[in-house]
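# A structural walkthrough
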Amino acid sequence: QVQLVESGGGLVQAGGSLRLSCAASGRTFSFYAVAWFRQAPGKEREFVAAISWNIDNTKYADSTKGRFTISRDNAKNTVYLQMNSLKPEDTAVYHCEAGVDRLVLQVRPAAYNYWGQGTQVTVSS
């Protein structure tokens, strides 16, 4: 069993930065792939970025590539999402999700087994 708690969201002006954290409990967390998804009001959950258990592999959505960086510290059971050059369209609730690492990083929410409550990110223009 893995429990995930996101933090670091807030209100920021366009062009600003935020760093989200996803803290996990459960001693097997270091063997899970972790992804960030986001969901804006009235929209479906959208893939943002993912990282493999051994940090060897990362994947980004086209909309976040070059602006966002996903990283993890397995010793701290924490995954981070550094978000730079934020845009109003990045406004959403951001969730982290964890699941068995399947070698190919998954972009579908259903591919992950655990998720947190989310943290709100609001980017003003």
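### What to know about empty space enclosed by the protein
Inspection of the entire model under this criterion finds 1 cavity of 30 Å³ or more. Its boundaries defined by the atoms lining it, the largest cavity holds a volume of some 40 Å³. Around the largest cavity, the lining residues are Ala 33, Gly 99, Val 100, Asp 101, Arg 102, Val 104, Leu 105, Gln 106, Ala 111 and Tyr 112.

### A closer look at the state of the cysteines
Summed over all chains, the structure comprises 1 disulfide. The disulfide bridge from Cys 22 ends at Cys 96, spanning 2.0 Å between sulfur atoms. Judged by the sign of its S-S torsion, about 65°, the bond between Cys 22 and Cys 96 is right-handed. One end of the pair, Cys 22, is in strand S3 (residues 18-25); the other, Cys 96, is in strand S9 (residues 92-100), and 74 residues separate them in sequence. Assessed through its relative accessible area of 0%, Cys 22 is described here as buried. Relative accessible area serves as the criterion here: at 0%, Cys 96 is assigned to the buried category.

### So, the pattern of salt bridges
When the charged atoms of two side chains with opposite charge come close together, those side chains can pair. In total, this model carries 5 salt bridges according to the counting rule given. Among the ionic pairs, Glu 46 bridges to Arg 38, the shortest N-O distance being 2.8 Å. Owing to a relative accessible area of 34%, Glu 46 belongs among the partly exposed residues under this scheme. Here Arg 38 falls in the buried class, since its relative accessible area comes to 6%. The closest approach of N and O atoms between Asp 62 and Lys 65, which form a salt bridge, is 3.5 Å. Classification of Asp 62 by relative accessible area gives exposed; the value is 69%. Its relative accessible area of 51% is what places Lys 65 among the exposed residues. Each of Arg 38, Glu 46, Arg 67 and Asp 90 takes part in one network of salt bridges that share partners.

### Observations regarding unusual backbone geometry
One non-glycine residue, Asn 77, lies in positive phi territory at about 55°. Mapping Asn 77 onto the fold places it in the loop between strand S7 (68-73) and strand S8 (78-83). The phi dihedral of Ser 85 is positive, around 50°, even though this residue is not glycine. Among the secondary structure elements, Ser 85 is positioned in the loop between S8 and S9.

### Description of the nonpolar core
In terms of nonpolar packing, the biggest core is built from 29 residues, with Leu 4, Trp 36, Leu 81, Met 83 and Tyr 94 touching the most fellow members. Of all elements in the fold, only S3, strand S4 (32-39), strand S5 (46-51), S7, S8, S9 and strand S11 (119-124) reach the threshold of two or more residues within this core. Residues Phe 37, Phe 47, Ala 50 and Tyr 112 belong to the second largest nonpolar core, which totals 9 residues.

Conventions and cut-offs
Residue indices begin from 1 for each chain and proceed along its sequence in written order. In keeping with the predicted nature of the model, local features appear solely for residues at pLDDT of at least 70, side-chain atom pairs appear and are counted solely at 80 or more, and the whole-chain, interface and lining totals rest on all residues. Side-chain metrics rest on all non-hydrogen atoms present in the structure, leaving aside hydrogens and water. Only protein atoms enter the 1 Å grid used here. Points where a 1.4 Å probe fits but cannot escape make up a cavity, open sets with protein on both sides within 12 Å along at least five of seven lines make up a pocket, and a residue lines them when an atom lies within 4 Å of a point. Grid points are joined across faces, edges and corners, and a volume is the space filled by probe spheres set on the points. Any two cysteine sulfur atoms lying within 2.5 Å of each other are counted as a disulfide. Where helices and strands are cited, they refer to DSSP runs of H or I of at least four residues and of E of at least two residues respectively, numbered from the N terminus. Under the scheme applied here, a residue whose accessible area is under 20% of the maximum for its type counts as buried, over 50% as exposed, and between as partly exposed, the area being computed with a 1.4 Å probe on protein chains only. Here, a salt bridge means any side-chain nitrogen of Lys or Arg that lies within 4 Å of a carboxyl oxygen of Asp or Glu. Nonpolar cores were defined as sets of buried Ala, Val, Leu, Ile, Met, Phe, Trp, Tyr and Cys residues, with membership established by side-chain atoms within 4.5 Å.

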